[in-house]
Amino acid sequence: MWFVFALLTALAWGGADLFYKKGTDSNDKLSHIKIIIMVGLVMGIHATGYLLFKGITFHPIDLLTYLPVSGLYILSMGIGYIGLRYLELSIASPIQNSSGAVTAILIFIFFTHELGVIEVLGLIIITLGVIGIAVLEKKAENEALQNRSVEIDKKYKIGFMAIIFPILYAFIDGLGTFADAIYLDELNLISEDSALLAYEYTFFICAVLSFGYLKLIKKESFNVFTERDKASAAILETIGQFFYVFAMAKNAIIAAPLIASYSIFSVILSRIFLKEKLKKMQYAIIIVVIFGIALLGIADEL
């Protein structure tokens, strides 16, 4: 079932990525804080509902046990949310989505794993495809910007600012996913349910602190009921996180790169809902990546 869980995670996070882009205002310096509030709120609600529905006994000490993983994930996501304001001239996608491959390499180095030919081939195809589709998106962005007659905001021209966020994201997220693999798959330090609840409640605590910062220090008005795009992203992020935990607990070394292919689904969803036109090469890469995913599915059944 790990393959199905990983695929559902990629689909959900691909949808979340779509709404993150729609809900981010490049002129709003507090947009990342608002996204954290929405995601943390939804995750807190989900964690409480899941806790009550399944009748799970949750120990607060699990918050501390899982904190190294939760902290790395939340930090990387916060950095990623800030980076959304710099996406126009950044190479965010190809760098950020390499975190799954980084995780797989770390797991392979530090733990003993035997991968079949089909699995290795599938992982290579997916990783190269993710990087390829992101490079094409970057090229398309540059062409669109060059055709604009208006002056581009100076902040989009700062190369260092454009590249530092995705690099930090990839590095920290890769470490977080590696730590998650250790906790859930390699050493079984915590159960899937406890990990899910610990992460979501930690995110909820961050949301409460962020809301206090926004209202008390920044004196910024914020109505959660009017933030539809951020709310949609938060819901899909939470759905993806639910399936992610169970995927990582079963086969982390393959699940991580597969899940990183969510950018492919983001491109497909953008074509459907935002009416973005895709070039033939983009369609070709998407088909190749889907083929790579199918190979992993076949390998899972062998």
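See the structure shown above.
Residues numbered from 1 in each chain as written. Predicted model: local features only at pLDDT ≥ 70, side-chain atom pairs only at ≥ 80, totals over all residues. Heavy atoms only, no water.

Draft legend 1. Highlighting the overall build of the chain. Helix and strand counts for the chain come out as 12 helices and zero strands. Order of helices (α) and strands (β) in the chain, N terminus to C terminus: α-α-α-α-α-α-α-α-α-α-α-α. The buried share of the chain, taken over its 302 residues, is 53%. The contacts of the chain with a sequence gap of at least 6 include a subset with a gap of at least 24, amounting to 90%. (Helix = DSSP H or I, 4+ residues; strand = E, 2+ residues; numbered from the N terminus. Buried < 20%, exposed > 50% of the residue type's maximum accessible area, 1.4 Å probe, protein only. Contact = heavy atoms within 4.5 Å.)

Draft legend 2. Here's a closer look at the packing of helix H1 (residues 2–22) against helix H11 (residues 262–273). Interaxial distance between H1 and H11 falls to 7 Å at its minimum, and their mutual angle equals 55°. As judged from the angle between their axes, H1 and H11 are oblique. Considering the relative orientation of H1 and H11, their crossing is right-handed. Mapping the contact onto sequence places Leu7, Ala10, Leu11, Trp13, Gly14, Gly15, Asp17, Leu18 and Lys21 in H1 and Tyr262, Phe265, Ser266, Leu269, Ser270 and Phe273 in H11. Tallied by class, the residues present in the contact of H1 with H11 amount to nine nonpolar, four polar and two charged. (Axes fitted to C-alpha atoms, helices over the stretch in contact; angles between N-to-C directions. Parallel < 35°, antiparallel > 145°, perpendicular 65-115°, else oblique. Left-handed = near helix turned anticlockwise from the far one by under 90°. Nonpolar A, V, L, I, M, F, W, Y, C, P; charged D, E, K, R; others polar.)

Draft legend 3. Up close: the packing of helix H9 (residues 192–217) against helix H10 (residues 228–259). Relative to each other, H9 and H10 sit at 140°, their axes nearing to 10 Å. The interaxial crossing formed by H9 with H10 has right-handed handedness. Residues Glu192, Asp193, Ala195, Leu196, Tyr199 and Glu200 of H9 form the contact with H10, whose own contacting residues are Thr238, Gln241, Phe242, Val245, Phe246, Ala249 and Lys250. Classifying every residue of the contact of H9 with H10 gives seven nonpolar, two polar and four charged.

Draft legend 4. Structural detail: the pattern of salt bridges. Tallied over the full model, the rule gives six salt bridges. The salt bridge involving Glu220 is made with Lys34; its shortest N-O contact spans 3.3 Å. One end of the pair, Glu220, is in the loop between H9 and H10; the other, Lys34, is in helix H2 (residues 31–54), with 186 residues separating them in the sequence. Between Lys230 and Glu227 there is a salt bridge; the shortest N-O distance is 3.2 Å. One exposure class covers both Lys230 and Glu227, and it is buried. (Salt bridge = Lys/Arg side-chain N within 4 Å of Asp/Glu carboxyl O.)

Draft legend 5. Spatial organisation of helix H4 (residues 67–83). Over its 17 residues, H4 extends 24 Å from the first C-alpha to the last, a length consistent with the 24 Å expected when each residue adds 1.5 Å. The buried count for H4 comes to 12 of 17 residues, which makes it a mostly enclosed element. Of the positions making up H4, those classed as buried are Val69, Ser70, Tyr73, Ile74, Ser76, Met77, Gly78, Ile79, Gly80, Tyr81, Ile82 and Gly83. (Expected span 1.5 Å × (residues − 1).)

Draft legend 6. Here's a closer look at the packing of aromatic side chains. Scanning the entire structure with this criterion turns up 16 aromatic pairs. Each ring, one from Tyr73 and one from Tyr199, has its centre 5.9 Å from the other, and the planes form 85°; the classification is edge-to-face. In this pair, Tyr73 is assigned in helix H4 and Tyr199 in helix H9, connecting sequence segments 126 residues apart. Given the relative accessible area of 5%, Tyr73 is considered buried. Judged by its relative accessible area of 0%, Tyr199 is buried. Members of the aromatic cluster, connected to one another through ring pairs, are Trp13, Tyr73, Tyr199, Phe203, Tyr244 and Tyr262. (Phe/Tyr/Trp six-rings, centres within 6.5 Å; stacked < 30°, edge-to-face > 60°.)

Draft legend 7. Focus on unusual backbone geometry. Notably, Asn188 is not glycine yet its phi reads approximately 50°, a positive angle. Phi angles above zero are rare outside glycine, and Lys219 is one such case at about 55°. Structurally, the position occupied by Lys219 is in the loop between H9 and H10.

Draft legend 8. Layout of the nonpolar core. Core analysis: the biggest nonpolar cluster contains 79 residues, and Tyr20 and Tyr66 have the highest contact counts within it. Here this core takes 17 residues from H10, the largest share from any one element. Ignoring sequence-local partners within four residues, the contact set of Tyr20 consists of Ile35, Val39, Met77, Tyr81, Leu84, Ala233 and Glu237. (Core = buried A, V, L, I, M, F, W, Y, C linked by side-chain atoms within 4.5 Å.)

Note that every value here comes from positions in space, so none of it alone points to a role or purpose.
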